[in-house]
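# Architecture and fold: a report
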Amino acid sequence: MAVTDFAGCIAVVTGGGTGMGRELVRRLAAAGAHVAACDLNAEELARTAELAASGSSGVRITTHDCDVTDADAVAAFAAEVSAQHDTDHINLLFNNAGIAGGGSFVIDDQRDAWDKTFEVCWNGVLKCARAFMDMLVRSDAGAMVNTSSINGFWATVGPGLPHTSYSAAKFAVKGFTEALMVDLALHAPHVSAHVVMPGHIGTSIASNSLTAHGVDIPLIRKNMAARGVDLDAFSDEQVETMLNDRNTRFRDDAPTNASQAAEIILSDVLAGRWRILVGDDAYAIDQAVRADPEDAYTEAFIERIRDQGHLQVLGR
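The notes below deal with the structure included here. (Residues numbered from 1 in each chain as written. Predicted model: local features only at pLDDT ≥ 70, side-chain atom pairs only at ≥ 80, totals over all residues. Heavy atoms only, no water.)

## Side note on the overall build of the protein chain
A tally of helices and strands in the protein chain yields 11 helices and nine strands. For the protein chain, the proportion of its 316 residues judged to be buried stands at 49%. For the protein chain, the exposed surface amounts to about 14,500 Å²; the carbon and sulfur share of it is 51%. (Helix = DSSP H or I, 4+ residues; strand = E, 2+ residues; numbered from the N terminus. Buried < 20%, exposed > 50% of the residue type's maximum accessible area, 1.4 Å probe, protein only. Areas by Shrake-Rupley, 256 points an atom, 1.4 Å probe, with all protein chains shown as cover.)

In structure tokens:
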């Protein structure tokens, strides 16, 4: 039995404080689901709960402080959900939490950021999947919805900019989810698995990632110099301002906003689609990579994508 209606379901959403996580919480609650959301930003998470409560009635919305990379914290989160929702099961798990950063595997001074990004984007999914698996299996109908990315099938954001940690993690999420589909079909056929692969979505992931990693201006200067951009004429304050402006544009000028993304995800889950592409850019890049995988990491490839009107945030 598949999940065909959210009313009365119990849903868990990680990274529920902002972006797609917040919009998933809001839409699930509006559809009649009881929701447990976690995040490390208590203020933003409380705002999510406030917004969700104002758009729904008769549902329970709980908020939880949880670092998804900490197995003990995730186990405590699962126990809190069980206690606060008075349940031995959940119907929906949205492994949505993620950060960017740690682009290079080669440059040693990025190693900490590399590891942190991988921990959140992959091990966070793994730990939450393990912690909530039994509760999903105990449901009459359940679904695990794991957020990967277009970087789960295309491991770059364009020539001249390494993107190894985030891409490796998102490939792992995609592979895990696809393998889990077979595992569930054999051992828990009433639970489905879905992999979400968004393109450019208007969220605060870029600025949130800076908060998570800390702003390292010398490293930013070094990375930009490797791409042929000389920032020596700008002060550290000016570089940080430029970076913040770019992150704001990434959020505000995206072709798909977080609310639209959440609507697509939830609609596709109800429709039983396991492979959920979000945004016209995601479809375009998916088709282009499949058509010519050998060309996918060349400048000509990204130029063709830009010429179609996608990924303009990368510039030229």
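## Let's talk about helix H4 (residues 111-137)
Between the first and last C-alpha of H4 there are 37 Å, a value that for 27 residues agrees with the 39 Å anticipated at 1.5 Å per step. The principal kink in H4, of about 40°, is found at Ala131. (Expected span 1.5 Å × (residues − 1). Bend = angle between axes of the 7 residues up to and from the residue.)

## Focus: the environment of Ala2
Residue position: Ala2 is located in the segment before strand E1 (10-14). By relative accessible area, which is 49% here, Ala2 ends up partly exposed.

## A look at the nonpolar core
Counting residues in each nonpolar core, the largest one holds 31 residues, and the members touching the most others are Phe6, Leu28, Leu92, Phe94 and Ile265. Mapped onto this core, the elements with two or more residues apiece are E1, helix H1 (19-30), strand E2 (34-39), helix H2 (42-54), strand E4 (92-95), strand E5 (142-147), helix H9 (258-270) and strand E9 (275-278). Among the elements that take part in this core, H9 stands out by supplying six residues, more than any other. (Core = buried A, V, L, I, M, F, W, Y, C linked by side-chain atoms within 4.5 Å.)

## Re H1
In an α-helix, one turn spans 3.6 residues; hence positions three or four apart end up facing the same way. The end-to-end C-alpha separation of H1 is 17 Å, in line with the 16 Å expected for 12 residues at 1.5 Å each. Within H1, the full set of buried residues consists of Gly19, Met20, Gly21, Arg22, Glu23, Leu24, Val25, Leu28 and Ala29. Positive phi appears at Gly32, one or two residues downstream of H1, with a value of about 100°.

## Description of unusual backbone geometry
Phi at Asp86 takes a positive value of approximately 50°, unusual for a residue other than glycine. Tracing the chain through its elements places Asp86 in the loop between helix H3 (71-84) and E4.

## What about the pairing of E5?
Most of E5 is tucked away, with six of its six residues classed as buried. Because side chains alternate across E5, one face comprises the buried residues Gly142, Met144 and Asn146, and the other comprises Ala143, Val145 and Thr147, equally buried. Sheet topology note: the E4/E5 ladder contains four bridges and is parallel. The residue bridging Phe94 from the neighbouring strand is Val145, located in E5. Relative to strand E6 (residues 191-198), E5 is paired through six bridges, and the arrangement is parallel. Its bridge partner being in E6, Met144 is matched across the sheet by Ala193. (Pairing = 2+ DSSP bridges.)

## Here we look at the pairing of E6
Burial of E6 is extensive: seven of the eight residues sit out of reach of the surface. As judged from the four bridges shared by E6 and E9, these two strands associate in the parallel manner. Bridging from a neighbouring strand, Pro198 pairs with Val278 of E9.

## Let's talk about the pattern of salt bridges
Tallied over the entire structure, the rule returns 10 salt bridges. Among the ionic pairs, Arg27 bridges to Glu263, the shortest N-O distance being 3.8 Å. Taken together, the residues Arg27 in helix H1 and Glu263 in helix H9 connect sequence positions 236 residues apart. Of the charged contacts, one joins Arg290 and Asp286 as a salt bridge, the two residues approaching to 3.1 Å between their closest N and O atoms. Here Asp286 and Arg290 lie together in helix H10 (residues 280-291), a separation of four residues that amounts to about one turn. Residue Asp286 is classed as buried on the basis of its relative accessible area, which comes to 7%. (Salt bridge = Lys/Arg side-chain N within 4 Å of Asp/Glu carboxyl O.)

## Let's talk about the side chain of His194
As for its placement among the helices and strands, His194 is situated in strand E6. At 2.7 Å, the side chain of His194 and the side chain of Ser192 are in polar contact. The residues touching His194, leaving out its near neighbours within four places in the chain, are Ala143, Met144, Val145, Asn146, Thr177, Val269, Gly272, Arg273, Trp274 and Ile276. (Polar contact = N/O pair within 3.5 Å; in protein donor to acceptor, adjacent residues only side chain to side chain. Contact = heavy atoms within 4.5 Å.)

## Comments concerning the sheet that holds E6
If you walk across this open sheet you meet the seven strands as E3-E2-E1-E4-E5-E6-E9, and the pairing is parallel. The two strands at the open ends of the sheet, each matched to only one other strand, are strand E3 (61-65) and E9. Averaged over all pairs of adjacent strands, the angle between strand axes in this sheet comes to 15°, irrespective of strand direction. Along the sheet, H10 contacts E6 and E9; its crossing angle with E9, the most-contacted strand, is approximately 115°. (Axes fitted to C-alpha atoms, helices over the stretch in contact; angles between N-to-C directions.)

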